[in-house]
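Each chain is listed here by its residues.
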Amino acid sequence: MSGMIGYLYLSGALFAGVAKGFCGKKISGAMQTFKDCVFINLARMLFCAAIGFLFVLIEWNFSALRLDGQTLGVYLLSAVGMTAFCVCWMYAYKQDAYVFLNIFTMLGSVITCLLSFLVYEESIGWNEWLGMAILLCAVVIMSKYNKDVKGKISVLGVAILIIGCVGSAVTDFSQKAYMKSVGESAAAFNFYTYAIGFLMLLVLQLAVRVKDAKTPLSLEVKDKRHLLAYFLMSLFLFLNTALKTLAAGFLSSAQIYPVLQGANLILSGLMAHFLFKERASAKSITGMALAFAGLLIMNCI
């Protein structure tokens, strides 16, 4: 029964993640500079923190907001990972194929599983090792597809993807760490994640503004008509994180993260083909087929 509840949370996190990705890809069209990227994510973190606090009010569990050394460490780890992931992925949306970005998120899930194995001794069966190896093969194939669609990726682009990938892995691992060490309130965990992330990005925004004072924010980014889009992106991001945090209380990392990213890759591939005009090719279809095969091996053997 607990496994079924965990997979229900995981399903909700999957669809919230796909919706978040759609909003992020669409909004990235308004972004022109790194300063724009930081501003968009600053707004997103503010909305997410407000949504998180609203959920804390609904739970009426203010004791979950107390801070000590252990909880603060987990919150900081989550905030750093989330901030790095959001900024890097928003910036990468403009230069890489959408489905390729999901591949790097899948690499993050492998890192999360390894961290959980090393820190919490969560078992990883032979089928899960094999499934993750197949996912890595899918990464290689999809990187070639990205080159066909977007051209050769720059050194800076590779660095951005790696930082975003590690940020995603750290964020997911912090969810597991919270549920293992505290586990009192997913709402409180996500509120602190986004509130601290907002403060980090506020400092970064001020630093970027001082360093590059001559370049103004894009008028399109500041357009008030985008406020609804920013809010929806924030809502889906919050739901994705909150539901993954809840799922971490019922399922192991090997059950959550590769499954989530594998299924997300397939749905994102369909969305990229039909909505973003990133036409499927033999390479992209092969990559998604391998990802699906890895998903089956990890959960059906």
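Residues numbered from 1 in each chain as written. Predicted model: local features only at pLDDT ≥ 70, side-chain atom pairs only at ≥ 80, totals over all residues. Heavy atoms only, no water.

*Asks:* Before we move on, can you summarise the overall build of the protein with the specific residues and values?
*Replies:* What the protein contains, in helices and strands, is eleven helices and zero strands. The C-alpha atoms of the protein give 19 Å as radius of gyration, which agrees with the globular expectation for 301 residues (19 Å, within 12%). Oriented by its inertia axes, the alpha-carbon framework of the protein measures out at about 55 × 50 × 30 Å. Within the span of the protein, comprising 301 residues, buried residues form 52% of the whole. In the protein, the proportion of contacts linking residues at least 24 apart, taken out of those at least 6 apart, comes to 89%. Entry remark: accessible area of the protein is about 13300 Å², with carbon and sulfur atoms responsible for 72%. Mean positive and mean negative side-chain charge positions of the protein (23 and 14 charges, respectively) differ by 10 Å. (Helix = DSSP H or I, 4+ residues; strand = E, 2+ residues; numbered from the N terminus. Rg over C-alpha atoms; globule rule 2.2 N^0.38 Å. Buried < 20%, exposed > 50% of the residue type's maximum accessible area, 1.4 Å probe, protein only. Contact = heavy atoms within 4.5 Å. Areas by Shrake-Rupley, 256 points an atom, 1.4 Å probe, with all protein chains shown as cover. Lys, Arg positive; Asp, Glu negative; His and termini not counted. Charge placed at Lys NZ, Arg CZ, Asp CG, Glu CD.)

*Asks:* Tell me about a nonpolar patch on the surface, residues and numbers included.
*Replies:* A grouping of Phe53, Leu54, Phe55, Leu57, Ile58, Trp60 and Phe62 is seen on the molecular surface, where their side chains present a nonpolar patch of about 700 Å² in accessible area. The residue Trp60 is located in the loop between helix H2 (34-59) and helix H3 (69-92) in this model. Exposure remark for Trp60: the relative accessible area of 63% places this residue in the exposed category. (Patch = residues over 30% accessible without salt bridge, like charges linked within 9 Å, V, L, I, M, F, W, Y side chains within 5 Å. Salt bridge = Lys/Arg side-chain N within 4 Å of Asp/Glu carboxyl O.)

*Asks:* Break down the packing of aromatic side chains for me, with residues and values.
*Replies:* Tallied over the full model, the rule gives 14 aromatic pairs. Aromatic pair Phe34 and Tyr91: ring centres 6.0 Å apart, planes at 75°, arrangement edge-to-face. Of the two residues, Phe34 sits in helix H2 while Tyr91 sits in helix H3, which places them 57 residues apart along the sequence. In this structure Tyr91 comes out as partly exposed when scored by relative accessible area, which is 26%. Between Phe117 and Trp129 the ring centres are 6.2 Å apart and the planes differ by 80°, which places this aromatic pair in the edge-to-face class. Residue Phe117 is found in helix H4 (residues 98-120), and its partner Trp129 is found in helix H5 (residues 126-150); the two are separated by twelve residues along the sequence. Overall, Phe117 belongs to the partly exposed group, its relative accessible area being 35%. Chaining the aromatic ring pairs together yields one cluster made of Phe53, Tyr75, Tyr178, Phe189, Phe191 and Tyr192. (Phe/Tyr/Trp six-rings, centres within 6.5 Å; stacked < 30°, edge-to-face > 60°.)

*Asks:* For H5, give the residues involved together with the corresponding values.
*Replies:* Spanning 25 residues, H5 covers 36 Å between terminal C-alpha atoms, matching the ideal 36 Å at 1.5 Å per step. Taken as a whole, H5 has its buried residues at Asn127, Glu128, Gly131, Met132, Ile134, Leu135, Ala138, Val139, Met142, Tyr145 and Asn146. Where H5 ends, the next residue or the one after it, Gly151, has phi of about 90°, a positive value. (Expected span 1.5 Å × (residues − 1).)

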